[in-house]
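The residues making up each chain are set out below.
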Amino acid sequence: MSRLLDSFCRYSRVDTMAVEGAQAYPSSAGQLDLGRMLAEELRQMGALEVEQTGEGIVFATIPASAGVVAPTIALIAHVDTSPETSGHGVKPVVHSQYDGNDILYPAVPGLVLSPSKDPELARLRGATIITSDGTTLLGADDKAGVAVIMEAARRLLETPALPRPRIRICFTCDEEIGRGTDHVDLGKLGAKVAYTLDGGGTGEIDAATFSADLATVLVRGVNIHPSIAKGRMVNAVRLAALFIDRLPRQFLSAETTEDDQGFLHPYRVEGGVEEVRVQILLRDFRTDALAEQARMLREIAGHLQLEFPGSRIEVNTRAQYRNMADGLAAEPRAVALAEAATRRAGVAPRVTRVRGGTDGSRFTEKGLPCPNLSCGEHNPHSPLEWTCLEEMDAACRVLVELAACWAAERD
Ligand SMILES: [Zn+2]
């Protein structure tokens, strides 16, 4: 396990923080550095077809074991870290045989990672916990996934007797700024199913995500100097406020929903008297519910326009991503074999759904079924981010078993 710990710490020290709004792809040079490092390690361990594309995507192949004729599977993780918390100069801190007490950060007095607020940490007394020094995030999202895939690849290549199908490895860039699938050529990946290793804790198999649209409400008023505005001005700022006020709050809002409930979430307002743009997230596990949500927005817009002659309110929606479950239905083995592999690794599987999207939802929508698997991530995007070596090791064992499960399949 120390090899896994060493790799994780080595990867986490590379600054791969994604940069929101950057023109370049990937958005930061560190992602290319880590990609180069991973490509070199893959070559050294004997992986084939190792390549880092011009956009920084790393591909590699572990060939099928002798005599196995099974569909190719892919394992995917992202090398970038979230811009929400600094990823500059990450110093991983290893807490061996965690004693179950509060974890303090000498570099940041007052910062505390407490098992009393973190039941998953409370259960891991005696395990090896890894945190940052508190001045940065840790980057377990998703370097835990990267380290788990690299270690599983090493174990498979070292032990040719372990049955496995052809496995494609893919490390992506800029997932955290919504561009993780932009430059992944699925033809080149050439897999029947894929798994992202980018999940929390242990044993979870994310098999459903929200379906998501983005609505932009354009409120146009009539501007004129306020000194002579009587009877002439139509103030788009007031109209936008009214529009937002008429959105449901006690139901269908992010603040009042959980589990399988969807919501309408206004999250950005910009503009002035002349024109205001309101951006609203539409979210539901049922894809057809998004059309109902858009209809609700158009109805509010229609009423306001009638009440305020001279105003114009347009509602435009565009698709963001679709529920992974819609596409996974076409390849039920994707989840079933992940459950079987998790059990064979001695971990209790839990099939879960994500109140959000994953790169897997985008891959699945493009025709590559792609559930998301646990790899020991906790408190992502935060200075309190942590991971657990034993959970990462369990994820490696799940991948080795997953290879064995798929090796027995036919197209
Ligand atoms: Zn992630």
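Given the structure is predicted, the values throughout are model-derived calculations rather than measurements.

Visitor: I tried to follow the overall build of the chain on my own but got confused; where do I start?
Guide: Looking only at helices and strands, the chain has eleven helices and 17 strands in total. The C-alpha radius of gyration computed for the chain amounts to 24 Å, which stays within 12% of the reference 22 Å derived for 411 residues, consistent with globular compactness. Expressed along its principal axes, the backbone C-alpha trace of the chain runs to roughly 85 × 55 × 40 Å. The proportion of buried residues among the 411 residues of the chain is 55%. In the chain, 79% of the contacts between residues at least 6 apart in sequence involve partners at least 24 apart. Put simply, the chain has 43 plus and 56 minus side-chain charges, and the middle of one group is 3 Å from the middle of the other.

Visitor: Explain the packing of helix α6 (residues 236–245) against helix α7 (residues 289–307) to me, please; I cannot follow it from the model alone.
Guide: When two helices pack together, their arrangement is given by the angle between their axes and by how far apart the axes lie. Two numbers describe how α6 lies on α7: the axes approach to 10 Å, and their chain directions differ by 135°. Here α7 runs oblique to α6, going by the angle between their axes. As α6 runs across α7, the sense of the crossing is right-handed. In this structure, α6 uses L239, L242 and F243 to contact α7, whose residues at the interface are L297, I300, A301 and L304. Residue classes in the contact of α6 with α7 are distributed as seven nonpolar, no polar and no charged.

Visitor: Hey, could you run me through the nonpolar core in this one?
Guide: When a protein is soluble and globular, its nonpolar side chains tend to lie buried together. Counting residues in each nonpolar core, the largest one holds 76 residues, and the members touching the most others are F8, L42, F171, Y195, L399 and L402. Aside from chain neighbours lying at most four places away, what touches Y195 is A74, L75, I76, R333, A334, A338, C370, P371, L373, L402 and W406. Among the nonpolar cores identified, the runner-up in size contains 23 residues, and A215, V217, V234 and L290 belong to it.

Visitor: Mind showing me how you'd approach the environment of L337 here?
Guide: Its place among the elements puts L337 in helix α9 (residues 333–344). Between the C-alpha atoms of L337 and E401, which are 64 residues apart in sequence, the distance is 9.2 Å. With near-sequence residues (within four places) excluded, L337 lies in contact with L402, C405, W406 and E409.

Visitor: Quick question: what am I supposed to make of helix α1 (residues 2–13) here?
Guide: Residues lying three or four places apart along an α-helix face the same way, a consequence of the helix completing one turn every 3.6 residues. For α1, which comprises twelve residues, the first-to-last C-alpha distance of 17 Å matches the rise-based estimate of 16 Å (1.5 Å per residue) to within 8%. Here α1 has its buried residues at L4, L5, S7, F8, C9, Y11 and S12. The elements touched by buried residues of α1 are α2 (29–45), β4 (93–95), β7 (129–131), α4 (140–158), β17 (386–388) and α11 (389–407).

Visitor: Which parts of the structure should I look at to understand the side chain of D393?
Guide: With respect to the helices and strands, D393 occurs in helix α11. The residues contacting D393, other than those within four sequence positions of it, are M1, L4 and R155.

Visitor: It is not clear to me how the coordination of the zinc ion should be interpreted in this structure. Could you clarify?
Guide: Between any two of four tetrahedral donors, the ideal angle at the metal is 109.5 degrees; between two of six octahedral donors, it is 90 or 180 degrees. Coordination sphere of the zinc ion, protein contribution only: H78 (NE2), D141 (OD), D198 (OD) and D198 (OD), at 2.0 to 2.5 Å. Because the angles between the four donor atoms bound to the zinc ion fall within 54 to 140°, the donor set is best described as irregular. Each donor residue of the zinc ion belongs to the same chain, and together they define the spacing H-x62-D-x56-D. Of this pair, H78 sits in strand β3 (residues 73–78) while D198 is found in strand β9 (residues 193–200), placing the two residues 120 residues apart along the sequence. The exposure class of D198 is buried, given its relative accessible area of 18%.

Rules behind the numbers
- Residues numbered from 1 in each chain as written.
- Predicted model: local features only at pLDDT ≥ 70, side-chain atom pairs only at ≥ 80, totals over all residues.
- Heavy atoms only, no water.
- Helix = DSSP H or I, 4+ residues; strand = E, 2+ residues; numbered from the N terminus.
- Rg over C-alpha atoms; globule rule 2.2 N^0.38 Å.
- Buried < 20%, exposed > 50% of the residue type's maximum accessible area, 1.4 Å probe, protein only.
- Contact = heavy atoms within 4.5 Å.
- Lys, Arg positive; Asp, Glu negative; His and termini not counted.
- Charge placed at Lys NZ, Arg CZ, Asp CG, Glu CD.
- Axes fitted to C-alpha atoms, helices over the stretch in contact; angles between N-to-C directions.
- Parallel < 35°, antiparallel > 145°, perpendicular 65-115°, else oblique.
- Left-handed = near helix turned anticlockwise from the far one by under 90°.
- Nonpolar A, V, L, I, M, F, W, Y, C, P; charged D, E, K, R; others polar.
- Core = buried A, V, L, I, M, F, W, Y, C linked by side-chain atoms within 4.5 Å.
- Expected span 1.5 Å × (residues − 1).
- Donors = N, O, S within 2.8 Å, 3.2 Å for Na, K, Ca; no water.
- Tetrahedral: all angles 85-135°; square planar, octahedral: opposite > 155°, others 65-115°.

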